[in-house]
Each structure stands twice: as C-alpha cells, then as structure tokens.
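The chain contents come next:
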Number of protein chains: 2
Amino acid sequence: MPIYTAPTRDTRFVVNEMLDLASYGNLPGFEHATPDMIDTVINEAGKFCAEVLAPLNKSGDEEGCTRHEDGSVTTPKGFKEAFEQYRESGWGTISSPEEFGGQGMPHVLGFVVEEFMATSNQAFAMYPGLTTGAISALIAKGSDEQKATYLPKMIAAEWLGTMNLTEPHCGTDLGMIRTKAEPNGDGSYAITGTKIFISAGEHDLTENIIHLVLAKTPGAPDSTKGISLFVVPKFLVNDDGSLGDRNAVSCGSIEHKMGIHANSTCVLNYDGAKGWMVGEENKGLAAMFIMMNAARLGVGIQGLGQAEVAYQNAVAYALDRRQGRALTGPAEPEAKADPIFVHPDVRRMLMDAKAFTEGQRALCLWAALLVDLTHKAPTEEERAESDLILGLLTPVIKGYGTDKGYEVATNMQQVFGGHGYVEEWGMSQFVRDARITQIYEGTNGVQAMDLCGRKLAQNGGAGIQAFFKLVGEEIAAAKGDETLAPLAEALEKALAQHQAATMWFMQNAMANPNNLGAGAHNYMHIMGIVTLGYMWLRMAKVAKTALAGSPDDPAFYQAKLATARYYMDRYLPDAGALRRKLEAGSDSMMALGEEAFQTAA
Amino acid sequence: MPIYTAPTRDTRFVVNEMLDLASYGNLPGFEHATPDMIDTVINEAGKFCAEVLAPLNKSGDEEGCTRHEDGSVTTPKGFKEAFEQYRESGWGTISSPEEFGGQGMPHVLGFVVEEFMATSNQAFAMYPGLTTGAISALIAKGSDEQKATYLPKMIAAEWLGTMNLTEPHCGTDLGMIRTKAEPNGDGSYAITGTKIFISAGEHDLTENIIHLVLAKTPGAPDSTKGISLFVVPKFLVNDDGSLGDRNAVSCGSIEHKMGIHANSTCVLNYDGAKGWMVGEENKGLAAMFIMMNAARLGVGIQGLGQAEVAYQNAVAYALDRRQGRALTGPAEPEAKADPIFVHPDVRRMLMDAKAFTEGQRALCLWAALLVDLTHKAPTEEERAESDLILGLLTPVIKGYGTDKGYEVATNMQQVFGGHGYVEEWGMSQFVRDARITQIYEGTNGVQAMDLCGRKLAQNGGAGIQAFFKLVGEEIAAAKGDETLAPLAEALEKALAQHQAATMWFMQNAMANPNNLGAGAHNYMHIMGIVTLGYMWLRMAKVAKTALAGSPDDPAFYQAKLATARYYMDRYLPDAGALRRKLEAGSDSMMALGEEAFQTAA
C-alpha cells in the first residue's frame, strides 16, 4: 500500500516564513488566520487526507465508478463515507465568503487543503474540486436569487457542482458548441445537447448536482461571442429550498480512462433540461474564464500532488531496496548490498523531485496569496499588479507545473525499476493520474498560447515587466549576501534568457505570428524555470535568516539551502537551451505540408 | 481502432540508400540480400504486421493474458493464430544462421522485421523477441548437443525461449541471486528458486518453452563471479527430439502491469527442475550479457516502435480534428475551423516525433549492420572498431531511444487532447506500453552507467575516439557543401559539447566517482542527441545527392532535408544544457542525507 504523509512542516515554512501570512493581518478575512488557526488547518487537513483519503486512492483506482442502467453512478467503496467526513469537517468552506456560509479565510489556506487532497487522492479531490470553479462563477456572475439558491449548499458541500464546456466535436474551440438554450418564456431556458468529459458529472455523493453549462441562445453569433452560461440543477430547487423534480439531464456513459478511475467522467445528455442564465446573454465566455482560472490553478496543484506522493514513495523504496554498492565504496559493508539511495542516478531523480515539489508548493501558495491581493490589497496599484502577475502565473503553474509534475511522477516510478511497472505498488497509478493534468482545463499547448498570445501583451506588457522587476529586485538584494550571491548570480543568467526570449517575441511575432506559436511552449517552460528559481531564491533567503537565529531544526533550513543550490545547478541550464530553440522560430517547424507526414509505402 | 502502416519507403531509404546494403555483398550472408529480396522482406513483413498483428494490439491490451488454476496461461484471442502465421512465414529465421535452419541474411533485415512487429504489437513481438537473446546465448556458449537439441526448433519458432534473471530481491544486482543449481550426478542440475518478471514465461503459443536461467552452483562465490547459466526446458526433450516429461517449472502468477497486458509476465517457480549448464561454471554473467545486448537493442527498437505508431495516429487525428484557426489567418475559411495540424504547437510535437522516429530508425539499422560487421568485416581492425562502436551505441539506443520514445508517445497522446486520455482511442496504450522500455533489460540509469562506467573507458577510450572521428569526418565532408554546411556546423557545436563532457569526466571522475554517476544520464542524452544528429547529417547527404539526380519522389528527399534542419534547430540545443548540468558534478546532488528526504511533520 503506498504511503502518504502531509508535508506539514514544509507547508508551515511557506505559509508562515516565506509568505509571512501574519503580516497581512490587516486585510479583510486574514484576521481569522491567526497562527493557531493556520497550524490547526494545516495539521488537521493533513491528518484527514493522510488517514481518510489516501487509503482510498488505490482501491478507488481498482474499482472505478459504476454506471447503472438508470443512468445513476456509484462511486468506489468508501468514497461516500469519506465525503461525509469532508463535508462535516467543513474543509470546503475554508476560503469561501462568510456571507454564504464560508469561513472567509485566505485562499492560501484553501490551497493548502486542496494540495493535501489532490495529493492523497486526486480522483476524490476532483468531486469538490470542480465545485470551486462553479462557486467562483456564481459569486462573480450569478443573480442574487441564484446565489441564495445555490451558494450556501455548494459551499457547505451538500451539493456539488460541475463545469460543462466540451462537446464531442469541440473542446478548445468553444465557439463551435451546439448545445442550445431556448427560452421557456418564464425566465428559464430549455437546454438541449451533449456534453462530454464532465468530471464528477454524476455520482452518489450528494443529493443534488449543480451543472454550469455553456449553450447558445437562438440567433446567437456563431463564435465565442455567442455563448451563454446556464445553471442547470440535477434536481430542480423549490422556493423553500427543498428538492423538486428530476431535471432532464442524464449520464449517458462514463469514460474508460487511463487514470483517475475513481472520478466519474461523464457524457451528459441534456434533453430540454431546465436552466437559468448566469450573467448576461452571449457573455458566457467571461464567466467560463472565471471558472477556468480557478480550475487551472487547481490542476497546477494536482501536478504538484502526484509528484509529491510519488516522491514520498520513491524515497521510502530507495532507502529500503538494496542493489549494488556506492561508487565511492560500500556504504553498509556488513549488508549484502547498499540501499539504492546511494546511487547518484537515483539521488538525481529524488533531488529533482524535491526541488520541484517544494518549489511548486511555494509557487502555488504565493499564487493563492495573489488571488486575495487581487481583491483585497489596500491600493488599486497593488490590486492591479497582483492581478497581472497572477494572470501570467496561472498558465505557468498549470502548464509547466503539470509537465514537470508528470515527469517527476514518471521518474519516481523509475526509481522502483520493474516493480514500478506493476500496478501492485501504486506507482503506475500516480503516473496515470498525473497524465490528465497536462490535458484537461486547456491542454498545456493552450496554456502556452494563453501565456504568450494573451497574457504577455496585456496592458502593453505591464505584467511581465512587473514580474521581471520582482525577480530582479530579489536577485539584486541577494547578491550582497555571501551565501545567497551564487544562487542569485545563477538565477540572473536564467532571467536574462527569459528577457531575451521575451524580446525575441516582440521583434519576431508581429511579422509572423507562427514564430510566437512555435516558441510558446518553450517560453512557458523558460518562465516556469525562472519562476521556481525565484521561489528558491526567496526560500533560500528565509532559510539563511532562520539559520542565523539558531532554530530548533537547523537541518530543515540547511536542506533548503542545499536544494536551492541543486535547483540552480540542474534546472536553470535548460533556460538557455529553450531560448535557443525558441529563437529558431517557426521556419523549420512549419516547412512541411501534410503529405510529408503521411507514412509512405 | 488505431491505424498502422509499415514505413516501408523510409526503411528502403535507410537500407538501400543510407546504409547501401548492396555494397556489402562480398560479406558472408549478405549475398542473399539481393535488392529483390530486400524489397520482398520489407514489403511482406510490413504487410504481415499491418494486417495481422496491428489489429490484435488493442484487443490484446483489453483482454490480457489469463492464468488458469493448473498454472497454464492463455494468450489473448487471435494471438495463437497470428503466431502460426508468423512461424509459417519464417519471420523469425531471417538473420539466424543457416546451419540451424535460419536464412542467414544480414541483421539489418532482421531488425526491419523486429521494428514492424514491435510497432504494430509490442506485446506480441515480445514472445519471439526474447527468444532472440536466448538463441544468441546458445549459439555463443551452448554445447554442440545443446545447439542441436534447441536451436533448430527455436529458430523455426516451434519453441520459444525466455531469459530468467530477476528474483524478488534482486534485478540489477545479479550477484545476489538465490536460485540454486545442484548437480544430479548425470550431468544435469536440479534448479530451485523463484524468478520474477519473466516475459513470455508461460503461454499457449508453442508446445515447448526453453528457459535460460541464472543460478548458483553449490559453493559458488557470493557475487556475479558465482553465477552460471542453465537451459531448462518446460518439457524435457527425448533423444529423438520428441517431448518427454513436464519439467518442474511452473507459473505461479502473472503480473498486473501498467501496459503490455498481452504479454504474460510471469513469476516462475523452479522446484528442482532439470537443467543443463550453458558454457562454463561461474561464467554465467558473460553469457547473460550476450542475451542482454541483443535484448537491449530490441528494446531500443521498441522505443522507436511505440513512438512511430503513436505518431502515425496523431498525424491522422491532427489532419481530421478541427479546432480554432491558423495564427496566420484561416487555412480553410469555408470550414468552421481549421485542422489542428495548422497550429505550431501541434506541428512542433509532430515534427519532434518525425525527427526522432526517422533518426532512431536509421540508428537502429546502422547498429544492425555493425552487429554483422563485428563478426564479418574483412579486417580485424574493422571488426574491432565495429564492436567498440556497437558497444557504445547499445546503451544509447536503449537508454536515450526509450526515454525519447516515451516522450514522443506521450506528446502524440497530447495531440488528441482529452480523447488521448480515453482508452477507446488507443493512445493511452501506446504510452503505457512504451513506459516499460525505459525499465526492463536494465533501467535507463543502468544503461547510463554501462555507457559511462564501462564502455567509455574500454580500450583506453578507443571506442569513443573512433565515434568522434566518424562524426567529425562526416561534418568535415559536409562543410564543403552549400546545402549541408549549416547542418554540419550546428552538429559540430553539439559534438564539441559531447567532447567537452567526455573531457570533464576524464578530469573529474577519478577524484570522485560520484561525478561520473551524477552526470551519466546527462551524458547518455548528449550522446543520443549527437548520434541522431550524425544520422540526420548522413541522411541529409543522401537526400541531397538523390535530389541532384531528379528522383521520382523529390518530396520525400526534400522532407528529409527539412527534417534534418528541424533536428538541428530543436534537438541540438539540449546538448549544451546537459553538459552544463553534468559539469555541476555531484556536490549538490549528493549533499543531503536520508533525513532530508523524509517528509517532516
């Protein structure tokens, strides 16, 4: 049985020491996040996830979900009971608004819970996980009546939500959707169409499911400017809040997937189902992006999650499994062989995982802070800058974070050798589950284009300039410190690559937009590398300061410094190679027509 | 249903034009490989694999193998009939020696068949695939009686073979095996122990299975110097060649794996099974390496195979699926959207796949030629150099080829977006099947150490110097040609990185062997990149020459030149980054002790 321990020490380090959450106590909601409360959330969430969710991960994968003839879906054994505990403990309410029954605490703490859940049981975490995006959309765009009807129940996890975008013929290109919404004349609409890949689309965890559905009203423009968002409950809700008639939405089938077997990925058929418009007609795309941005950050956390749990298991295996001898001579001469932990190639994979997971954790929690600062920072300037930087970071956290998360999960499977390939050990599941994170909520190619085609140019490049300034200032400050200077100097070179790549886009993308498309994925990875480097420099600074104060656990801080050094040694060099690839442009990439790709006999 | 077409045109290009197989007609066996025979083998093998094996790939994955209570194993529906056809067509005999019933043709043609089989159905290909290694070991080390008893039947595929190395507690570290071989006093031995991960260990395809088993005789040294190789038939063979008693070897269970479900991966229990020693006592490791080297080249071909079939399907999907518009304006304005083939990020993944599969094919077939030149080249010097270079290339073909093959298969799955994650489309199987290639027959970390710890230093570095000379000469020759010069100059820079990395090892590995271990994986990738670059330069030269002669299909040769350009643009830059990582040495990698890897609460 795979193991999982919530990384509570490292989480406290990021929350309390790196982000210094206490220093934001003057912001609304942050006053609830007292040091005691932070500790309690981290420890109790960690306990719940390790003790309740992790043990259901493998059995859930093996059993999967079952669709019955009547279209109902049963989740794997133990999921319903675990979900009861989740609801009763209020883990879903942490950073939801108080006016709808939430606890109103900073998103940093909500993200902590999301991470532990996604790590211990990704398929389980996705049931409430998709609800987060639906809640965000309703808060931002719903009518008062819609908010009152749905939000308290959804925040309390009595009802769960879904996001219905994709149809058989279109996922990325939402302008092509065919699902129709025809006015019933009473303010409601009749929704008809087929949606696919709907995570948690049907299940037995809650008495109601609230579907948020993109559809087209009659005569709507034939593009993304013609889509509207609708709320479509599985059971209609009576005026007194009780459940009424079963709505005409049903699960046609569940997909047989590579992983996340325990999450029911549904084909949903809407046969004139009753729905109500959320926000304005033909403005559905904006509402969709609210859901999507929340979901994308959630997926970035999942990339971290599967890397983390795979890493924990690989460490345990590497310390237990004995093969061969250390290159420098037997480490344990009395034993028949040394633990494989002594081999540099095993250590390389473990250090790579450690550097990624701790860096990505710091990044996700920093992004969570930005989510709040976007709304709550004291000055308009700070709010605007937070928004711009968060906008840039979102595709990086999702795209780079899941590309790297999958790579790390795969490497951790590699540590197990042949045993990693056998399902019994659980490593295969981590890889199979991680794989979806590069695909859903916009493939990583879409993330790269969101970053390079939309976010870079926003406000005349103000976001990326603010980002460069932030990183540059951190580097400048660190250069004056003997311990930090080598780290800062290494990061400075990678930052220069990032800046050069940005400049190359400015000079070459106008003349030929394919140059942007050809380099977008490279650029996203350069930015990921630099961003995690920035996180490592910040963590190193905190560690150095802490060590000066004779802390109780100096080894923890020394490990931070050593891992920062490893990061600079082994991650940063790729920035230069990626820049060179990017600067090759699109010529050789787009040179061949379709015939050249057909297999010739 | 996934598609597969054997890449016969590209294969003919490599065999006839790049390798110019006809020019070796003076070597023994090569005289059989007339242009007509080459064409026939390529076309008929391609047809067999596309028409018979490919259609069984997905159903085999879904059904898997079944172990019955009596320990017998049934392969998936259709496998037995397909195997009959394989045997009757004599595909296994192509490059086996004529004296044992083989056709004695060049290994290049045997590798062509291996590629098509591994691509169309990896799990099926592994049944005869493992036999190849067993045959090699018996040819090299078996007694005349053993050869006469087993080889004709194995070469004719009437019996299949296996390789039994791994035990529950040891895979890589074979010095620790516990399986015992006790003399029966009649020249035979009683073999007792448990072997795991035995591919094709039990099945219903042939009436007999010939196990080659590593075991220890009483009092043998407690290291790899104490292992011997035994041949242990499932059914004992009577003097007249008919089958006798069932031997005491049985399948205890079959593994539930991430992929290659249709290959029966067995736990084999030996309970005093009758076996005969192959070669000398305590010299089993050398015999094992003969099997292993054949198997490693076979696995490198599998890395190519899954990348190739995934690529073919991704191309078809990219031309069919419509989402969004080309960045340069609608490519097909009359349609609702353009095929995703127009998007640079999709093209990037397809070009990456094309550059890898064609390069790796050229490399594998060159290696096949070296297999023959090692034995058959006219001068001792040529034979020795071929052997040295083949020894260097083997871990690169296996290690780099499967790392990259898995990456390509994953990217091809990515082209499908959400549909790639659903098993129905078959892309998940390609990724799951490809994953094992990085693990078995020595993990890729083991390949890296074989390359850097053993092969680099052999004969005072004569092999790597010969390799550098070969590549350097190709570059020098190409620099005089206007078309080829830019390719050659790019490759020259990557070669310089390779040489610098080699030099760094020479200067830093003696003082601290961990510096070698820490950089071995980087080095293997640098060499992979340079080696495929060398293949691309050779292919570009052939294409350029062909174009000058007004060939029938100029587009084929133009595509070779364009893909060579892409390769130099987009693969070579990594060589520099990998060198920088390698030169960071082992300090930061090995800085932390095991406590630092334990998750702290």
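Refer to the structure presented above.
Residues numbered from 1 in each chain as written. Chains lettered and ligands numbered in written order. Predicted model: local features only at pLDDT ≥ 70, side-chain atom pairs only at ≥ 80, totals over all residues. Heavy atoms only, no water.

Peer 1: Outline the overall build of chain A, supporting the account with residue identities and numerical values.
Peer 2: Of the regular secondary structure elements, chain A holds 18 helices and 11 strands. On C-alpha atoms alone, chain A measures out to a radius of gyration of 24 Å, which is about the 25 Å that the 2.2 N^0.38 rule sets for 601 residues. In chain A, 74% of the contacts between residues at least 6 apart in sequence involve partners at least 24 apart. Separation between the mean location of the 50 positive side-chain charges and that of the 73 negative ones in chain A comes to 5 Å. (Helix = DSSP H or I, 4+ residues; strand = E, 2+ residues; numbered from the N terminus. Rg over C-alpha atoms; globule rule 2.2 N^0.38 Å. Contact = heavy atoms within 4.5 Å. Lys, Arg positive; Asp, Glu negative; His and termini not counted. Charge placed at Lys NZ, Arg CZ, Asp CG, Glu CD.)

Peer 1: So what's going on with helix α6 (residues 122-141) of chain A? Residues and values would help.
Peer 2: Residue and element names in this part refer to chain A. Its 20 residues place the ends of α6 28 Å apart at the C-alpha level, agreeing with the 28 Å of an ideal helix rising 1.5 Å per residue. Along its length, α6 reaches its greatest deviation from straightness, about 30 degrees, at Pro128. Along α6, 14 of the 20 residues are buried, which leaves the element largely enclosed by surrounding structure. (Expected span 1.5 Å × (residues − 1). Bend = angle between axes of the 7 residues up to and from the residue. Buried < 20%, exposed > 50% of the residue type's maximum accessible area, 1.4 Å probe, protein only.)

Peer 1: So what's going on with the nonpolar core? Which residues, and what values?
Peer 2: Ranked by internal contacts, the top residues of the largest apolar core, which has 418 residues, are Leu350, Met412 and Tyr523 of chain A together with Leu350, Met412 and Tyr523 of chain B. Ignoring any residue separated from it by four or fewer positions in sequence, one finds Leu350 of chain A in contact with Tyr311, Ala314, Val315, Ala318, Phe341, Met412 and Val415 of chain A together with Phe597 of chain B. (Core = buried A, V, L, I, M, F, W, Y, C linked by side-chain atoms within 4.5 Å.)

Peer 1: Quick one: what's the story with the interface of chain A and chain B, residue by residue and with numbers?
Peer 2: Facing the 102 residues of chain A at the interface are 102 residues of chain B. Summed over both partners, the interface of chain A with chain B comes to about 8700 Å²; 60% of that surface belongs to carbon and sulfur atoms. Run the count over chain A and chain B and you get 4 salt bridges. Across the pair Lys336 of chain B and Asp222 of chain A runs a salt bridge whose closest N-O atoms are separated by 3.2 Å. (Buried area = accessible area lost by both parts, 1.4 Å probe. Salt bridge = Lys/Arg side-chain N within 4 Å of Asp/Glu carboxyl O.)

Peer 1: Help me get a handle on the packing of aromatic side chains, residues and values and all.
Peer 2: Taken as a whole and assessed by the stated rule, the structure comprises 39 aromatic pairs over all chains. Where Phe83 of chain A meets Phe124 of chain A, the ring centres are 6.2 Å apart and the plane angle is 50 degrees; that geometry is what we call tilted. You can see Phe83 of chain A sitting in helix α4 (residues 79-89) and its partner Phe124 of chain A sitting in helix α6, a full 41 residues away along the chain. Pair check on accessibility: Phe83 of chain A and Phe124 of chain A agree, each one buried. Lying across the ring of Phe341 of chain A, Arg347 of chain A places its NZ or CZ 3.9 Å from the centre. Its end group placed over the ring of Trp366 of chain B, Arg538 of chain B keeps NZ or CZ at 5.7 Å from the ring centre. (Phe/Tyr/Trp six-rings, centres within 6.5 Å; stacked < 30°, edge-to-face > 60°. Lys NZ or Arg CZ within 6 Å of the ring centre and 35° of its normal.)

Peer 1: Describe the relation of the copies chain A and chain B, and please don't skip the residues or the numbers.
Peer 2: When chain A is fitted onto chain B, the two copies agree to an RMSD of 0.0 Å after a turn of 180 degrees and an axial shift of 0.0 Å. Considering both components of the superposition, the chain copies are consistent with a two-fold axis. Minimal C-alpha separation from the rotation axis in chain A is found for Ala577 of chain A, amounting to 3.0 Å. With an isologous cut-off of 70% or more, the 100% of interface residues of chain A that recur at the interface of chain B puts this contact in the isologous class. (Least-squares fit on C-alpha atoms with pLDDT ≥ 70 in both.)

Peer 1: Give a description of the pattern of salt bridges that names residues and reports values.
Peer 2: All names here are of chain A. Across all of its chains, the model carries 70 salt bridges over all chains by this definition. Linking Glu308 and Arg361 is a salt bridge whose minimum nitrogen-to-oxygen distance equals 2.9 Å. Placement of the pair is Glu308 in helix α8 (residues 284-320) and Arg361 in helix α9 (residues 344-376), with a sequence separation of 53 residues. Here Glu308 matches Arg361 in class, with each residue buried.

Peer 1: Lay out the pairing of strand β6 (residues 208-215) of chain A in plain terms, naming residues and giving numbers.
Peer 2: As a general feature of sheets, a regular strand has side chains that alternate between the two faces. Residues and elements named next belong to chain A. A large share of β6 lies buried, amounting to 8 of its 8 residues. Of the two faces of β6, both are covered, the one formed by Asn208, Ile210, Leu212 and Leu214 as well as the one formed by Ile209, His211, Val213 and Ala215. Bridging between β6 and strand β7 (residues 228-233) involves 6 bridges; their strand directions are antiparallel. If you follow His211 over to β7, its bridge partner there is Val232. (Pairing = 2+ DSSP bridges.)

Peer 1: I'd like to hear about helix α10 (residues 380-415) of chain B, residue by residue, with values.
Peer 2: Residue and element names in this part refer to chain B. Counted at 1.5 Å a residue, the expected span for α10 with its 36 residues is 52 Å, and the 49 Å between its end C-alpha atoms agrees. At Gly401, α10 shows its largest bend, some 25 degrees. Burial within α10 is extensive, with 28 of its 36 residues counted as buried. At the exit of α10 stands Gly417, carrying a positive phi of roughly 55 degrees.

Peer 1: Quick one: what's the story with the packing of helix α8 (residues 284-320) of chain B against helix α12 (residues 427-435) of chain B, residue by residue and with numbers?
Peer 2: Residues and elements named next belong to chain B. Packing of α8 against α12 brings their axes to within 9 Å, and their N-to-C directions diverge by 165 degrees. As judged from the angle between their axes, α8 and α12 are roughly antiparallel. As for the relative orientation of α8 and α12, their crossing is left-handed in sense. Each of Gln306, Val309, Ala310, Asn313 and Ala314 in α8 lies in contact with α12, whose residues at this interface are Met427, Phe430, Asp433 and Ala434. (Axes fitted to C-alpha atoms, helices over the stretch in contact; angles between N-to-C directions. Parallel < 35°, antiparallel > 145°, perpendicular 65-115°, else oblique. Left-handed = near helix turned anticlockwise from the far one by under 90°.)

Peer 1: Go over the environment of Thr328 of chain B with me, naming the residues and quoting the values.
Peer 2: If you trace the backbone, Thr328 of chain B turns up in the loop between α8 and α9 (344-376). Once the C-alpha coordinates of Thr328 of chain B and Leu491 of chain B are considered, the two residues, 163 residues apart in sequence, prove to be 32 Å apart. What Thr328 of chain B contacts, discounting residues up to four positions off in sequence, is Asn512, Pro513 and Asn514 of chain A.

Peer 1: Describe the side chain of Asp10 of chain A, with residues and values.
Peer 2: Take Asp10 of chain A: it is sitting in helix α1 (residues 8-18). By relative accessible area, Asp10 of chain A is classed as buried at 7%.

Peer 1: Run through the packing of helix α5 (residues 107-120) of chain A against α8 of chain A, naming residues and quoting values.
Peer 2: All names here are of chain A. Here α5 crosses α8 at 50 degrees, and the two axes come no closer than 8 Å. Taken together, α5 and α8 sit at an angle that is classed as oblique. When you trace α5 past α8, the crossing you get is right-handed. Facing Phe111, Glu114, Glu115, Ala118 and Thr119 of α5, the residues of α8 in contact are Leu297, Gly298, Ile301, Gln302, Leu304, Gly305, Gln306, Glu308 and Val309. Taken together, the residues of the contact of α5 with α8 break down into 6 nonpolar, 5 polar and 3 charged. (Nonpolar A, V, L, I, M, F, W, Y, C, P; charged D, E, K, R; others polar.)

Peer 1: I'd like a rundown of the environment of Pro551 of chain B, residues and numbers included.
Peer 2: All names here are of chain B. Considering the arrangement of structural elements, one finds Pro551 in the loop between α16 (513-548) and α17 (554-570). Here Pro551 falls in the partly exposed class, since its relative accessible area comes to 22%. Sequence-distant contacts of Pro551, that is, excluding residues within four places in its chain, are made with Ala546 and Tyr557.

Peer 1: Outline the state of the cysteines, supporting the account with residue identities and numerical values.
Peer 2: Summed over the entire model, instances satisfying the criterion amount to 0 disulfides over all chains. With no disulfide of its own, Cys170 of chain A has Cys266 of chain A as its nearest cysteine by sulfur position, at a separation of 18 Å. With no disulfide of its own, Cys452 of chain B lies 19 Å from the sulfur of Cys364 of chain B, the closest cysteine sulfur. Judged by relative accessible area, Cys452 of chain B falls into the buried class, the value being 5%. (Disulfide = S-S within 2.5 Å.)

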